[in-house]
Amino acid sequence: MKHNNLAAGLSAILPGAGQLYNHQWVKGAGFLIAGMVLSAVIRRRLLLAEPSLMALLFAAALLGLAVWSVVDAYRSAKL
């Protein structure tokens, strides 16, 4: 039996980790890749350019992805 709190906690640390714990390999890889791409874009925007509205929008997208990952991992583990 999967532990929904553990799955949610893993996804809170690293988006996609909870899905991988739930044996949802494709979904977990998708969350991981999306999180890494968004993080890289934010880092590049902040290091190479002045902080801008685009960097803030990408950060909001990353936060949304992280929340979505936690909720999805929790719900998937309950099933």
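What you are looking at is a predicted structure, and each value in this text was computed from that prediction instead of being measured. (Residues numbered from 1 in each chain as written. Predicted model: local features only at pLDDT ≥ 70, side-chain atom pairs only at ≥ 80, totals over all residues. Heavy atoms only, no water.)

Asks: Can you walk me through the packing of helix α1 (residues 4–13) against helix α4 (residues 53–78) in this structure?
Replies: If you want to describe how two helices pack, look at the angle between their axes and the distance between the axes. Contact geometry for α1 and α4: axes closest at 8 Å, N-to-C directions at 160 degrees. Taken together, the axis directions place α1 and α4 in an arrangement best described as roughly antiparallel. In the crossing of α1 with α4, the sense of the turn from one axis to the other is right-handed. Taking contact as the criterion, the partners of N4, N5, A7, A8, S11 and A12 in α1 are, on α4, S69, V70, A73, Y74, A77 and K78. Here the residues of the contact of α1 with α4 sort into seven nonpolar, four polar and one charged. (Axes fitted to C-alpha atoms, helices over the stretch in contact; angles between N-to-C directions. Helix = DSSP H or I, 4+ residues; strand = E, 2+ residues; numbered from the N terminus. Parallel < 35°, antiparallel > 145°, perpendicular 65-115°, else oblique. Left-handed = near helix turned anticlockwise from the far one by under 90°. Contact = heavy atoms within 4.5 Å. Nonpolar A, V, L, I, M, F, W, Y, C, P; charged D, E, K, R; others polar.)

Asks: Even after reading the chapter, I still don't get the side chain of S69, so can you show me in this structure?
Replies: For S69, the location among the structural elements is in helix α4. Polar contacts involving the side chain of S69 include one to the side chain of S11, which spans 3.2 Å. (Polar contact = N/O pair within 3.5 Å; in protein donor to acceptor, adjacent residues only side chain to side chain.)

Asks: Got a minute to help me understand the packing of helix α3 (residues 25–48) against α4 in this structure?
Replies: Running from N to C, α3 and α4 cross one another at 160 degrees; their axes reach a closest spacing of 9 Å. One finds that α3 runs roughly antiparallel with respect to α4. Like other packed secondary-structure pairs, α3 and α4 cross with a definite hand, here left-handed. Within the contact between the two elements, α3 uses K27, F31, A34, G35, L38, S39, V41, I42, R45 and L46 and α4 uses M54, A55, F58, A59, A61, L62, L65, W68, S69, D72 and S76. A class-by-class count of the residues in the contact of α3 with α4 yields 14 nonpolar, four polar and three charged.

Asks: What should I look at first to understand the pattern of salt bridges in this one?
Replies: Pairing of side chains with opposite charge becomes possible as their charged atoms draw close. What the rule picks out here adds up to one salt bridge. Linking D72 and K27 is a salt bridge whose minimum nitrogen-to-oxygen distance equals 3.2 Å. Residue D72 is located in helix α4, and its partner K27 is located in helix α3; the two are separated by 45 residues in the primary sequence. (Salt bridge = Lys/Arg side-chain N within 4 Å of Asp/Glu carboxyl O.)

Such coordinate-based values are descriptive only and should not be taken to indicate function.
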